[in-house]
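Examination of the molecular architecture
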Amino acid sequence: MEQHDQIVRMPAGEGVTTHRRRRPTGTAPPLPKQIGSTGWAWLILLVAVAVTGCVWLRVDPGPLDRFDAWITDAVVSLRTGWLDTFARQAHNVGSRVGFAALGLLLVVATAWFRRWRHLVIWLISLAIVGGLLQGLELLSLRPRPYGVQQLASWEGYATPSIPIGAVAFLSIGLTFMLVVPGRSRLWAKIAAAGAIVIIGALRIYLGVDHFTDIVTGGIVGVAIPLAAFRAFVPNDLFPVTYAARGKSAHLDVTGRRGEAIRAALQDQLGFTLLDIKPVGLEGSGGSTPLKLTVTDEAGRRRTIFAKLYAKSHVRADRWYKLGRSMLYGRLEDETPFSTVRRFVEYEDYTLRMLGEYGFPTPAALGIVEITPEREYLIAMDFFDDAAEIGETEIDARVIDEGLAMIRLMWDVGLAHRDIKPANLMVQRGDLKLIDVFFVQVRPSPWRQAVDLGNMMLVLALRSDARSVYDAALKYFTPDELAEAFAATKGVASPTQLRQQLKQDGRDLLAEFRTMTPARRPISVQRWSIRRVGLILLALVVVLFAGLTGIGLFFPTRGTVTAPVCGTGQPMKLMAQAVPSATKLPCVATLPVGWSVGAAETVQSKATFSVGVGDGSSEPVTVTLTESCPAPVEGTEQIPIGGGCVTYTPTVANRGVPSFALDGGLGFTSRADVIAAVEADDDQVLCGALVPPCP
């Protein structure tokens, strides 16, 4: 207040230069958070090239087909016997086991190094990339390259190339989850680009992909995970390093962030930063605690304490509380914060409130904005010459102060909710309380009881259970102490406290329980409709992500659209699948109530089914192959020129679609499809009825 009055009452002409500076409207913050120019460039390519290209292929594929044919012809002209063999073997290894094995190894390695956020973002990106690749494939409806023989297996439509998308996705995951930034990551990116180019060239050489298939698949496989990693696990927040480091919640305060903190402290609080040092990292998991040496506006050198919060802490808090709700139910009010600004505003509020009630907490000095809505710093007094309670000897006075602190919280209707050694400091024989972010107003009785139990356990770690219990009887009744230790168990105690209890060797919890009146333990499990719903929803999301993304690493079944009689894209693809067939089975006019179900086209085989309703009930299956398989009871084989159609009805009722006259199923002549490819794309459909293709 004195400092404020001094500034306000400054004589005219002298006070203007002493005012703290504010950032003018429109000026960029000192530490903007973004995915970077290259990240935006990849997202623009995703929309402008990949998505737009697939739409173009759906509307008018001719120009792109002719462009790709020029590149394909140039590459295929290099075919030789030994290179054909090598390309086939490399393709077989990659498509059968390579992608799946590399993906599994990447997951195991990331989990081994406990980079859980990277892994979660990668798995979410996997689902998005898998869904987008399959969606764009059904949008483009592009057959395989014309005018060349396909020397390797393929499945479904060509654009975008799902195998290339998988290579790109795996490469980005490897680069951002396992390779340290700097020169090593640069070389990893170059190697990833080289792998995409080499594998893409091999697939063009084998005749299974177009050049634009490679480009669109690569863009999708790179853009999504790259933007996700930079947005949600940026390296300055979650660095990839193999040196010993603290928790992932701790931010790097050197470099650009350090300069941003220095400028923001000067402009917003009037402090000139002289030194910045992280402290107490082992006991802090929700922020980055800092010890700052500053000079204030009066020119005095002082030490202050600060906590740096970022948007990642909001996300972590949200996921932490969601996880607790699923694991244990709602033990208390755990509504997550919506923004990082609310984080620091709440802690500033609790500091001032506890100070007004007389608790020995540090005085709040103000909030500093580093980047709007993304990073903030809250400053407070620093307890000089104070030591964590776990690192110093305590006497009866400290024990009494700790118990009186909990009694006062009960009396004024508060709970600290994070009583542990790291949050209790001893300064010249007096107990101090820090880290009040989790303080709750009018908490549940269970939460207050847990605070008491945790405080007594912390005090007993530095003394003995009997001394603490006897001192507690001055503030609490035996029944209240019994309630405290009936509630305090397992996850009710902070992780640091549980670890120190385990290291101590004494079963302090059991000792306290033998002193208190007998009481049944209070269960931490709370079942509700909300909890069950959250668990089921989480399982559905995980299952959906797995099923959607798994197609990147395991061969798909070649899902295609309905093969309607005519010369559409599905019929062109079917003609490529069985190039020897002179007729192609198709769907004509189905009886009322019947529709096409699943349709799949892969090299050497095309299958579709029709059924009642949506096509899944009482299906009739039709399969085209190069030759007739061994007869199976209940099936009918229809030999055609250069192939065989297997007709499998599951019911024998009249009105079931068949190849009889007006039966709903029919054939399209290969000659008609050849003519359509020549007219629409100015290309040659290889196979029967045309000269051999290269």
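To start, this report covers the structure provided alongside it. (Residues numbered from 1 in each chain as written. Predicted model: local features only at pLDDT ≥ 70, side-chain atom pairs only at ≥ 80, totals over all residues. Heavy atoms only, no water.)

1. A closer look at the overall build of the chain
Scanning the chain for helices and strands turns up 20 helices and 17 strands. If you take every contact in the chain between residues at least 6 apart in sequence, the share linking residues at least 24 apart comes to 71%. As displayed, the chain has an accessible area near 32500 Å², and 61% of this comes from carbon and sulfur atoms. (Helix = DSSP H or I, 4+ residues; strand = E, 2+ residues; numbered from the N terminus. Contact = heavy atoms within 4.5 Å. Areas by Shrake-Rupley, 256 points an atom, 1.4 Å probe, with all protein chains shown as cover.)

2. Focus on the environment of Asp400
Among the structural elements, Asp400 can be located in helix 12 (residues 396-412). For Asp400, a relative accessible area of 22% puts it in the partly exposed group. Here the alpha-carbon distance between Asp400 and Leu431, two residues 31 residues apart in the chain, equals 9.4 Å. Discounting chain neighbours no more than four positions away, the residues touching Asp400 are Lys474 and Tyr475. (Buried < 20%, exposed > 50% of the residue type's maximum accessible area, 1.4 Å probe, protein only.)

3. Points about unusual backbone geometry
Of the consecutive residues Thr159 and Pro160, the connecting peptide bond is found in the cis state with omega at -5°. Position of Pro160 among the secondary structure elements: in the loop between helix 5 (116-140) and helix 6 (162-178). Look at Arg417: it is not a glycine, yet its phi comes out positive at around 70°. With respect to the helices and strands, the residue Arg417 is situated in the loop between strand 7 (414-415) and strand 8 (424-427). Positive phi, normally seen in glycine, also occurs at Asp435, with a value near 55°. Residue placement: Asp435 occurs in the loop between strand 9 (430-433) and strand 10 (440-441). When its relative accessible area of 19% is taken as the criterion, Asp435 is described as buried.

4. Examining the pattern of salt bridges
By the definition in use, this model includes 26 salt bridges. The salt bridge partner of Arg428 is Asp385, with a shortest N-O separation of 3.6 Å. Here Arg428, found in the loop between strand 8 and strand 9, pairs with Asp385, found in the loop between strand 5 (375-381) and strand 6 (386-388); they are 43 residues apart in sequence, far enough to count as distant. Residue Arg428 is classed as exposed on the basis of its relative accessible area of 61%. Residue Asp385 is classed as exposed on the basis of its relative accessible area of 66%. Here Asp680 makes a salt bridge to Lys572, at a shortest N to O gap of 3.5 Å. With Asp680 in helix 20 (residues 670-681) and Lys572 in helix 19 (residues 569-577), this pair connects stretches of sequence that are 108 residues apart. When its relative accessible area of 44% is taken as the criterion, Asp680 is described as partly exposed. (Salt bridge = Lys/Arg side-chain N within 4 Å of Asp/Glu carboxyl O.)

5. A word on the state of the cysteines
Under the counting rule described, the total for this entry stands at three disulfides. Here Cys565 engages in a disulfide with Cys586; their sulfurs sit 1.9 Å apart. What sets the handedness of the Cys565 and Cys586 disulfide is the S-S torsion sign, and at about 90° it is right-handed. Here the residue Cys565 occupies a position in the loop between helix 18 (529-549) and helix 19, and Cys586 occupies one in strand 11 (residues 583-587), the gap between them amounting to 21 residues. Its relative accessible area of 30% is what places Cys565 among the partly exposed residues. Assessed through its relative accessible area of 0%, Cys586 is described here as buried. Here the chain pairs its bonded cysteines, counted in sequence order, in the arrangement 1-2, 3-4, 5-6. (Disulfide = S-S within 2.5 Å.)

6. Some points on the nonpolar core
With 57 residues, the main nonpolar core has Ile389, Leu452, Met456 and Phe512 as its most contacted residues. With residues up to four places along the chain from it excluded, the contact list for Leu452 reads Leu403, Ile406, Trp410, Phe476, Glu480, Leu481 and Ala484. In this structure, Val622, Tyr647, Phe659 and Leu665 belong to the second largest nonpolar core, which totals 42 residues. (Core = buried A, V, L, I, M, F, W, Y, C linked by side-chain atoms within 4.5 Å.)

7. Here we look at the sheet that holds strand 4 (residues 364-371)
Strand pairing in a sheet relies on backbone hydrogen bonds, with the paired strands running either antiparallel or parallel. Taken in spatial order, the five strands make up an open sheet running 1-2-3-5-4, and their pairing is antiparallel. What marks the edges here is a single partner per strand, and that holds for strand 1 (272-278) and strand 4. Between one strand axis and the next, the sheet turns through 30° on average, direction left out of account. The sheet contact formed by strand 1 and strand 2 (residues 288-295) spans six bridges and is antiparallel. The residue bridging Asp275 from the neighbouring strand is Thr293, located in strand 2. Each of strand 1, strand 2, strand 3 (301-310), strand 4 and strand 5 is contacted by helix 9 (residues 255-269), which is oriented at about 130° to strand 4, the strand it contacts most. Where helix 11 (residues 340-357) meets the sheet, it contacts strand 3, strand 4 and strand 5, and its direction lies at approximately 10° from that of strand 5. (Pairing = 2+ DSSP bridges. Axes fitted to C-alpha atoms, helices over the stretch in contact; angles between N-to-C directions.)

8. Concerning the sheet that holds strand 9
With antiparallel pairing, the three strands of this open sheet are ordered in space as 6-8-9. The open sheet has two free edges, formed respectively by strand 6 and strand 9, since each of these has just one partner strand. This sheet shows a mean twist of 35° between the axes of neighbouring strands, independent of strand direction. With four bridges connecting them, strand 8 and strand 9 associate as antiparallel partners. The residue of strand 9 that forms the bridge with Leu424 is Leu433. Of the strands in this sheet, strand 8 and strand 9 are in contact with helix 12, which crosses strand 9 at around 40°.

9. Examining the pairing of strand 2
One face of the sheet, then the other: side chains in a regular strand alternate in exactly this way. When you tally the buried positions in strand 2, you get seven out of eight residues, the bulk of the element. Between strand 2 and strand 3, which pair antiparallel in sequence order, lie five residues; one of them, Gly299, sits at a positive phi of approximately 85°.

10. Concerning the environment of Glu401
Mapped onto the secondary structure, Glu401 falls in helix 12. Judged by its relative accessible area of 23%, Glu401 is partly exposed. When the C-alpha positions of Glu401 and Asp430 are compared, they lie 7.6 Å apart, and in sequence the two are 29 residues distant. In contact with Glu401, not counting residues within four places along its chain, are Gly429, Asp430 and Leu431.

11. Concerning a nonpolar patch on the surface
Side chains of Trp527, Val532, Leu536 and Leu539 sit close together on the surface and give an oily, nonpolar patch of about 450 Å² of accessible area. Of note, Leu536 is situated in helix 18. (Patch = residues over 30% accessible without salt bridge, like charges linked within 9 Å, V, L, I, M, F, W, Y side chains within 5 Å.)

12. Looking at the packing of helix 19 against helix 20
Running from amino to carboxyl end, helix 19 crosses helix 20 at an angle of 115°, the nearest separation of the two axes being 10 Å. When you trace helix 19 past helix 20, the crossing you get is left-handed. Where helix 19 abuts helix 20, its residues Met571, Lys572 and Ala575 lie against Arg670, Val673, Ala676, Val677, Asp680 and Asp681. Residue composition of the contact of helix 19 with helix 20, by class: five nonpolar, no polar and four charged. (Left-handed = near helix turned anticlockwise from the far one by under 90°. Nonpolar A, V, L, I, M, F, W, Y, C, P; charged D, E, K, R; others polar.)

13. Topic: the packing of aromatic side chains
If you walk through the whole model with that rule in mind, you get 14 aromatic pairs. Where Trp410 meets Phe476, the ring centres are 5.0 Å apart and the plane angle is 70°; that geometry is what we call edge-to-face. Taken together, the residues span a long stretch of sequence, with Trp410 in helix 12 and Phe476 in the loop between helix 14 (465-472) and helix 15 (478-487) at a distance of 66 residues. You can call Trp410 buried: its relative accessible area is 15%. Looking at Phe476, the relative accessible area reads 2%, which means it is buried. (Phe/Tyr/Trp six-rings, centres within 6.5 Å; stacked < 30°, edge-to-face > 60°.)

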